[in-house]
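Structural overview
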Amino acid sequence: MDINILKQTVQALLAPTKGILAADESSGTIKKRFEKIGLESSPDTNLAYRKMLFTTPGIEEYLSGIILFDETIRQSIDGKSVSEYLESKGIIPGIKVDKGAVDLPNFPDEKITEGLDGLKARLEEYAGMGAKFAKWRAVIKIGEGIPTDTCLYSNAEVLARYAAITQNAGLVPIIEPEVIRDGSHDLKKDAEVTAEALKAVFERIAAHKIALEGLILKTNMVTAGEDNPNQASPDEVAKATIDAFLESVPKELPGIVFLSGGQPPEMATDNLNTISKIGGPWELSFSFARALQGEAMELWAGKDENLESAQKAFLERAKKVSLARAGKL
Ligand code: 13P
């Protein structure tokens, strides 16, 4: 492991004014997203969609990296592999390496993420295909009596093991514990659970001797559950989010990037803007999927004639999110 290479990748991913696009929807997720726009998912339609996003003129001004799915990293754009194409635009290719969340046995409604078996060999193959960083997502749900400590610590342990394998393969691990927005819990509960989940993660990260300077945390903003009629204001979200991080995330960690978690694009952008204004000892940035792509996907709807308007919407959203990342919206 060359820590200097990992550090360089981390610094490039956290470049000011830029962030990461999560375009790593698994086959099942992209199928669901396409159903909403009346399009059938196939390797060809999936590529047409990703090509619409990646070839948007000027998008490289706002994106430092893009997280790909296994299918996409094996595809080509304009005669180049997708990784080569992104590199040619100055965008760093990354890869989702977890194999998804499955039921945690004996713990109803809780999940554990799979994918450690054979991970080293898969990372070596992805590195050969140009990937410089990886992502692994863990799902934490709030409900009656959950999350349990078993769920938090099982996922934290797996995230730390993934991070160790990934750093040793020469790629930067993005660890993504996500407290999902499902449910009607309030902001305070979300703040408590987020801090607990992150404490568990960084305890295991320390135990596995992960180099913090070669690591990025991707996590949720602290919000009320999506079914709670009392949604918190951006000021409340920002304060609760930064306070939860100060309690649980080592200040030596170089950066934290946010997922959008199903927040509508405007809400995610406004919340990011307010969080960035407060700031903290870490670089704060974005790694949205839905909040960056949602508007463009609807406009595109699988039709070539909509390409330009979809790309325009994508670029406009990316620009706003980039301004929000600097607290300058
Ligand atoms: P959302 O921004 O849509 O939550 O997706 C981020 C992500 O990468 C989920 O793993």
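Structure's up top.
Figured I'd write up the structure that's included with this text. (Residues numbered from 1 in each chain as written. Predicted model: local features only at pLDDT ≥ 70, side-chain atom pairs only at ≥ 80, totals over all residues. Heavy atoms only, no water.)

1. Here we look at the layout of surface pockets
Approximately 1300 Å³ is the volume attributed to the largest pocket. Every residue lining the largest pocket is counted, 47 residues in all, and those nearest its centre are Thr29, Lys32, Arg33, Arg137 and Arg290. Within the residue set of the lining of the largest pocket, elements represented by two or more residues are helix H2 (27-36), strand S8 (133-140), strand S9 (172-179) and helix H11 (290-300). Tallied by class, the residues present in the lining of the largest pocket amount to 15 nonpolar, 10 polar and 22 charged. (1 Å grid on protein atoms, 1.4 Å probe; cavity = no way out; pocket = protein on both sides within 12 Å on 5 of 7 lines; lining within 4 Å. Points joined across faces, edges and corners; volume = space filled by probe spheres on them. Helix = DSSP H or I, 4+ residues; strand = E, 2+ residues; numbered from the N terminus. Nonpolar A, V, L, I, M, F, W, Y, C, P; charged D, E, K, R; others polar.)

2. Points about the site of the ligand
Around the ligand sit Ala22, Lys135, Arg137, Glu176, Lys218, Leu259, Ser260, Gly261, Ser287, Phe288, Ala289 and Arg290, and that is every residue in its neighbourhood. Lysine 218 has a polar side-chain atom sitting 2.6 Å from an oxygen atom of the ligand. Serine 260 places a side-chain nitrogen or oxygen 2.5 Å from an oxygen atom of the ligand. Burial of the ligand by the surrounding chains reaches 92%, relative to a free accessible area of 300 Å². More than half of the atoms of the ligand fall within 2 Å of the grid points belonging to the largest pocket. Of the residues assigned to the shell around the ligand, the class counts are four nonpolar, three polar and five charged. (Near = heavy atom within 4 Å. Polar contact = N/O pair within 3.5 Å; in protein donor to acceptor, adjacent residues only side chain to side chain. Areas by Shrake-Rupley, 256 points an atom, 1.4 Å probe, with all protein chains shown as cover. Sits in = over half its atoms within 2 Å of the grid points.)

3. Observations regarding the pairing of strand S2 (residues 63-68)
A large share of S2 lies buried, amounting to six of its six residues. Alignment of S2 against strand S5 (residues 92-96), held across four bridges, turns out to be parallel. For leucine 68, the partnering residue across the bridge sits in S5 and is isoleucine 95. (Buried < 20%, exposed > 50% of the residue type's maximum accessible area, 1.4 Å probe, protein only. Pairing = 2+ DSSP bridges.)

4. Quick word on the packing of aromatic side chains
All told, the structure shown has seven aromatic pairs when counted by the stated rule. Pairing phenylalanine 34 with tryptophan 300 gives two aromatic rings, centres 6.3 Å apart and planes at 50°, and the pair type is tilted. Remark: tryptophan 300 occurs in helix H11 and phenylalanine 34 occurs in helix H2; sequence separation between them is 266 residues. Take phenylalanine 34 and tryptophan 300: they sit in the same class, and that class is buried. A centroid spacing of 5.4 Å and a plane angle of 40° characterise the contact between tyrosine 49 and tryptophan 300, whose relative ring orientation is tilted. Taken together, the residues span a long stretch of sequence, with tyrosine 49 in helix H3 (residues 43-54) and tryptophan 300 in helix H11 at a distance of 251 residues. Summarising the burial analysis for this pair, tyrosine 49 and tryptophan 300 share the class buried. (Phe/Tyr/Trp six-rings, centres within 6.5 Å; stacked < 30°, edge-to-face > 60°.)

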